[in-house]
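Descriptive analysis of the structure
Take a look at the letters that make up each chain.
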Amino acid sequence: MRWGRLKAMAGKEIIQIIRDPRSLGIVLLMPVVLVLLFGYGVSLDLKHLPVYVYDREASQQSQALLKRFQSNQYFDIVRAVNNYPDLVKALDSGKAKMALVIPYDFSERLRAGGAVSVQALVDASDDNTANVLIGYAQAVVQGYSNDIQLEWIQRRGQQVQPPPLSVETRTWYNENLESSAFIVPGVLAVVMSVIGAFLTSLTIAREWERGTMEQLISTPVSALEIMLGKLTPYFIVGMFDAGVCVVLAIFWFQVPFRGTVLALLVSSALFLIALLCLGYFISVVAKNQLAASQIALVATFLPAFLLSGFLFAIEQMPQFVQLVTRILPARYYVSSLKMIFLKGTPIGMLYGQLVPLAIFAVALALLATRTFHKRLV
Amino acid sequence: MLSRLKQMLIKEFLQVFRDKRTRFVLFVPPIVQMLIFGYAATFEIQHVPTAILDLDHTQESRELISRFSSSPYFQVGWQLTRPQELVDLIDRGEATVALQIHPGFSEDLRKGQTAPLQVIVDATNSNTALIAAGYVNQIAQGFAQDYQTERMGRISPYLVDNIPSVELQPRPWYNVNLKSRWFFVPGVIGSLTLVLVTTLTAFAVVREREIGTLEQIMVTPIRPFEFILGKTVPFFLIGLLDVSLIAAVGTLWFRVPLRGSIAVLFAGTVLFMLCMLGAGLLISTVSSTQQQAMVTAFFFIMPAIIFSGFGFPISTMPQWLQYLTYFNPLRYFLIVLRGTYLKGTGFSILWPEMIAMAALGSFLLVLSVLRFHKALD
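One structure accompanies this document, and this report is about it.

Parameters at a glance
- Residues numbered from 1 in each chain as written.
- Chains lettered and ligands numbered in written order.
- Predicted model: local features only at pLDDT ≥ 70, side-chain atom pairs only at ≥ 80, totals over all residues.
- Helix = DSSP H or I, 4+ residues; strand = E, 2+ residues; numbered from the N terminus.
- Rg over C-alpha atoms; globule rule 2.2 N^0.38 Å.
- Buried ≥ 20, exposed ≤ 12 C-beta atoms within 10 Å, placed from the backbone.
- Contact = placed C-beta atoms within 7 Å.
- Nonpolar A, V, L, I, M, F, W, Y, C, P; charged D, E, K, R; others polar.
- Pairing = 2+ DSSP bridges.
- Axes fitted to C-alpha atoms, helices over the stretch in contact; angles between N-to-C directions.
- Parallel < 35°, antiparallel > 145°, perpendicular 65-115°, else oblique.
- Left-handed = near helix turned anticlockwise from the far one by under 90°.

For the rest of this paragraph, the subject is the overall build of chain A. Looking only at helices and strands, chain A has 14 helices and five strands in total. Computed over C-alpha atoms, the radius of gyration of chain A comes to 29 Å, more than 25% over the 21 Å expected from 2.2 N^0.38 for 377 residues, which places it beyond the range of a compact globule. Principal axes of the C-alpha set define a box for chain A whose edges measure 100 × 45 × 40 Å. For chain A, buried positions account for 47% of its 377 residues.

Given below as structure tokens:
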């Protein structure tokens, strides 16, 4: 390997990137756009869910219960209807996420004693929203029920006892349960996948498609020099983009950064090297840009997006999918990102993440160097 | 005109199906993505790894613990003896929930005082934390209620039988078992259609430009309009075939019920694909290389998916973003998909979405055809 030739190769690649100002602009803008997209767009903090009510009694008691829903920040009673088909239509069209039905003998049965039930029809096509919604609704009804019982016991001159149990929940690492603190660190992995594999996967395929590969092969530059020359500029871009993400995460979305910069640098560099080599490998194998981009999508972007724990918790996936995630670099990178940002785990404790990442980097680098031969096939 | 169009179509199909790799990437990655998404995308929370530190060792504390270990939501993996172990497990991310029962727990209960139950939740994943904390509360509440009832029963059985209470009876519609997969599979069909049709169309045109064959086509008597049709029709058909394939995987493999009519689904799909053809053409008019097209398409695809309600409810986004989602064709297509799949709704409910897609589609197509003429001149 000659330093001069490597420099020339990298220089050519840099010129090619810079000459295409839009691609360059986009590559530099991408981290900003992605961090903002995910930071604002990805949230599960549900509030003001539209509720329809069908109060079949319209008594003081039933109205008191509904008032509790109205004053709760999670619910918005948008309409009261007086027949069942209207409720069905509201749920069908998505105008209501929940419909409450209060029985016609609500207060009467409360007076008689025993349990009265209030029906909540919930649009469960979105299971997560439905789950959270039911939890909140149950808490409202529970509160109402407790107050009624308290009053009932007092009226009978009985001594009111304090509740037997109090649950003191502390949420660690992300005290206010901010979605952005959970999501934004992982965006680094997505950005790097796009740069690392998406863009580099096109570089060799492009040379083949345009016919410039023959010219490249006829020069004395070696296979290893071509690879390093092609990848170095993208490495620089990738690390720069990672930096932009980190700055935005910390200063714009106020995500706590509790770990060390060193740990972040090491894990990011390892992940980026692994992905660049993977992208290069795909590019060599695919030989045309359409195929390369589609393969890169499945091999790098989707895993970073779906199988890394970025959005969806890995423990909740089926067992065999969990096994698959173990052979994906993105999993280890996202997990190290969350630990570095939120938990402040020192680099010495990250061996479970860094060692696999290092193995991937070395293995994929070897794979990439072995596959590309300077031959015209 | 028809014969020229026919020639153009033959050329396109030849070009697509001649290459083994292209044939492969047109059909295999979409199905792989469908499978990965179907398995990985879930917000269901079950078997949360849980550690318990019981410092009381009484019948009451064991009774409480057994309620957790018999719940499907928690997987009690550790029974600890020292507080430090609890902290370590959470720090290393092995346990997500930790319960701590203090010495004197049962004594408090017997004396009629409020006994504390300390809960630590790892909130690096804020969604898991929120839902898991809700389940902890639910279980603890159940324990407290039963204890209270039993205590009251000892004092006066009359009270237990006659005390009024209100309970919520949740009826999750459309997805009775609250399966995440039922929510995500229709969404994945929509997102994959978007990705496929947009990138295929954009690549098809830009490829000719990049390789230099666009000029050759332009010197033939073919008219720009015929050229556009010749380019879009094949990918419309291939896209339709792909959508049918992934929809079949969703219905037959993942067993998501298709409750509505196929005609409604088909109409919605065609309208949505027109929007995506327009978007793909538009991207091709502003790109001169496939790499540019890829990056530009990416910048269209990511926001379109994130701001569609695919995984994250639109109502949780900032207000100004919610307004922007009205210009997103995927937003409407997802409503149509979930409507036909889960709710079984038809045109009578879904017509506003259909009209919105038709309007956006014609706008995008007209705009892209106009721009395309300009790009050729």
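Let us look at the interface of chain A and chain B. One frequently used descriptor of interface size is the decrease in accessible area upon assembly of the parts. Contact residues are listed per partner, giving 101 residues for chain A and 96 residues for chain B. Put simply, the parts of the chain that give the side of chain A that touches chain B at least two residues each are helix 2 (21-41), helix 4 (84-93), strand 4 (115-123), helix 6 (127-155), strand 5 (165-172), helix 7 (179-210), helix 11 (289-306) and helix 13 (329-343) of chain A. Among the elements that line the side of chain A that touches chain B, the one with the most residues is helix 6 of chain A, at 16 residues. The class makeup of the residues in the side of chain A that touches chain B is 57 nonpolar, 29 polar and 15 charged. When strand 4 of chain A meets strand 5 (residues 165-173) of chain B, the two strands line up parallel, connected through nine bridges. Each residue of the ladder has a partner; that of A115 of chain A, found in strand 5 of chain B, is S165 of chain B.

Attention shifts here to the packing of helix 1 (residues 3-19) of chain A against helix 9 (residues 223-251) of chain A. All names here are of chain A. Running from amino to carboxyl end, helix 1 crosses helix 9 at an angle of 40 degrees, the nearest separation of the two axes being 8 Å. As the angle between them shows, helix 1 and helix 9 are arranged oblique. Relative to helix 9, helix 1 is oriented so that their crossing is right-handed. Packed against helix 1, whose contacting residues are R5, L6, M9, A10, E13, I14 and I17, the element helix 9 presents E225, I226, L228, G229, K230, T232 and P233 at the interface. Its residues placed into classes, the contact of helix 1 with helix 9 shows eight nonpolar, two polar and four charged.

Here we come to the sheet that holds strand 5 of chain A. Reading across from one edge, 5(A)-4(B)-3(B)-1(B)-2(B) is the order of the five strands in this open sheet, with mixed pairing throughout. The open sheet terminates on both sides in strands that have one partner only, identified here as strand 5 of chain A together with strand 2 (74-80) of chain B. Sheet twist, expressed as the average angle between the axes of neighbouring strands with direction ignored, equals 25 degrees. In this structure, strand 1 (residues 48-54) of chain B lies alongside strand 2 of chain B, joined through six bridges in parallel fashion. Of the residues in strand 2 of chain B, the one forming a bridge with T50 of chain B is V76 of chain B. Set on the sheet, helix 3 (residues 59-69) of chain B makes contact with strand 1, strand 2 and strand 3 (97-101) of chain B; between it and strand 1 of chain B the angle comes to about 175 degrees. Most of the contacts of helix 6 (residues 126-155) of chain B go to strand 5 of chain A, to which it runs at about 165 degrees, and overall it touches strand 5 of chain A together with strand 1, strand 3 and strand 4 (115-122) of chain B.

Residues and elements named next belong to chain B. The element strand 3 is extensively covered by neighbouring structure, given that four of its five residues are classed as buried. Alignment of strand 1 against strand 3, held across five bridges, turns out to be parallel. Bridging across to strand 3, I52 finds its partner in L99. Across five bridges, the pairing between strand 3 and strand 4 is antiparallel. Counted as the bridge partner of V97 is V121 from strand 4.

Now for the sheet that holds strand 1 (residues 49-55) of chain A. The five strands are arranged 2(A)-1(A)-3(A)-4(A)-5(B) in an open sheet whose pairing can be described as mixed. Edge positions in the open sheet fall to strand 2 (75-80) of chain A together with strand 5 of chain B, since each of these has one partner strand only. Shown here is a sheet whose adjacent strand axes are inclined to one another by a mean of 30 degrees, direction ignored. Here strand 3 (residues 98-102) of chain A pairs with strand 4 of chain A via four bridges, running antiparallel. Paired with L100 of chain A across the bridge in strand 4 of chain A is A120 of chain A. Packing of helix 4 of chain A onto the sheet brings it into contact with strand 1, strand 3 and strand 4 of chain A together with strand 5 of chain B, and relative to strand 1 of chain A it is tilted by some 170 degrees.

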